[in-house]
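Residue-level structural notes
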Amino acid sequence: MTSLPFQLCNNHYNVHNFQCIGKRLTSIAALVSLSLSFPVTAEQVSLMLAKSLPSDQLNAVHYSDDAQIHDNFTIADYLVSEKLDGIRAYWNGNQLLTKTGNIIHAPNWFYANFPSIPLDGELWIERGQFQALTRTVLDSSPNHEAWQRVNYMVFDLPHNTAPFEQRYRQLQALIDQQRDHNHRPIKHLQWVEHKSLDNLAILMQWLDIVSSHDGEGLMLHHKSNNYTAGRTEHLLKLKNHQDAEAIIIGYEEGNGKYQGMMGAVWVKTSTNDTFKIGSGFNDQQRQSPPAIGSTIQYRYNGYTDRGIPRFARFVRIRNTPDS
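Residues numbered from 1 in each chain as written. Predicted model: local features only at pLDDT ≥ 70, side-chain atom pairs only at ≥ 80, totals over all residues. Heavy atoms only, no water.

**A closer look at the sheet that holds strand 7 (residues 87-91)**
Working definition: the strands of a sheet are paired by backbone hydrogen bonds and lie parallel or antiparallel to each other. Put simply, the rule is: Each pair of strands is called paired provided DSSP finds at least two bridges between the two strands. Strands here mean DSSP runs of E at least two residues long; helices mean DSSP runs of H or I at least four residues long; both are numbered from the N terminus. Residues count as neighbours in contact if any of their non-hydrogen atoms are within 4.5 Å of one another. To get an axis, a line is fitted to the C-alpha atoms, and for a helix only the part in contact is used. The angle between two axes follows their N-to-C directions and goes from 0 to 180 degrees.
With respect to topology, five strands assemble into an open sheet ordered 8-7-9-10-11, the strand pairing being mixed. Looking at which strands have only one partner, the edges of the open sheet turn out to be strand 8 (96-97) and strand 11 (189-191). Taken together, the five bridges between strand 7 and strand 9 (residues 119-124) define a ladder with antiparallel strand orientation. When the sheet's bridge partners are listed, Y90 is paired in strand 9 with D120. In the packing of helix 3 (residues 130-137) onto the sheet, contacts are made with strand 7 and strand 9, and the angle to strand 7 comes to roughly 40 degrees.

**Focus: the pattern of salt bridges**
Note the cut-off: The salt bridge criterion pairs a side-chain nitrogen of Lys or Arg with a carboxyl oxygen of Asp or Glu, the two atoms within 4 Å. The cut-offs for exposure are 20% and 50% of the maximum accessible area for each residue type, with area from a 1.4 Å probe on protein chains only; residues under the lower value are buried, those over the upper are exposed, and the others partly exposed.
One pass over the structure, following the stated rule, counts 12 salt bridges. For E216, the salt bridge is made with K83, and the minimal N-O distance between the two is 3.8 Å. Linking E216 in the loop between helix 6 (200-212) and strand 13 (217-222) with K83 in strand 6 (residues 78-83), this pair joins segments that are 133 residues apart in sequence. Per residue, the accessibility class of E216 equals that of K83, and both read buried. Here D243 and R299 are joined by a salt bridge, their closest N and O atoms 3.0 Å apart. Note that D243 is positioned in strand 15 (residues 242-253) and R299 in strand 18 (residues 295-300), a separation of 56 residues in sequence. Looking at D243, the relative accessible area reads 24%, which means it is partly exposed. Here R299 falls in the buried class, since its relative accessible area comes to 16%.

**Overview of the sheet that holds strand 19 (residues 313-317)**
With respect to topology, five strands assemble into an open sheet ordered 17-16-15-18-19, the strand pairing being antiparallel. Only two strands of the sheet have a single neighbouring strand rather than two, namely strand 17 (274-277) and strand 19. Adjacent strand axes in the sheet meet at a mean angle of 45 degrees when their direction is disregarded. For strand 15 and strand 16 (residues 262-268), the ladder comprises six bridges, and the chain directions are antiparallel. Bridging from a neighbouring strand, I248 pairs with V267 of strand 16.

Below is the structure:
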């Protein structure tokens, strides 16, 4: 395990301009403190979840994500869409819920003319606007002006028993039929476009284009897949990188243009691996770094020989499991 640059979180400890005050906050304590701030769960939500498809293994006959997924991968068997960097949202016919079942306090006008059947989708503004989206969507007092920017991007019909290829066509027709109180199409209610591809080269070109424009990646949904709750091998997410979470346990001061600011954070993962992350932060975040004990999401590309995430960079603070 990597040695830390300074003692962490004794009762009062100064490291240059950074302070670590109070008792050491363990991973469990951090999770408990965060969980106390979550809103009350409205109902149990059972959503279909994707498995990861490593981008460097597409040419292999076998690939896995904790378990074998397919013996033979044929891209023509899938409908492909962009993976939106938004907040998962389930419409139960009456209200919007997060993936953990918490009520999303959207303005009444936002969902007033939604269909009465359940929908599965993503609340989304545009690429690179996740933090603004989080502030808007997870606010218990809806900001009507901020919600004007939000779209509900629907990609499935959870209670429809047809295979996905048929569900997708039915979803398109359903969304296109919806009208607001002035009998106009609902601009913020949209279906997510899916495409059928012929070969892996086109898939990888699309992935590169999305990634180069700050997109998350791609989703691959098997055409014959039925909607089932839980993680399934017939719904795959494809990225040029990997994502994970860790808890901040310390800081390291920067050098050069970052002198007097945070240069890197030391983090601890759920498997007790400790390492530092120094890239991905803007100047404001370096001047006022995320608090000790906060959970962050980071992005990386594989592992070093010592099992440490390679090229780890900060993405965002994870305020709740719904963000």
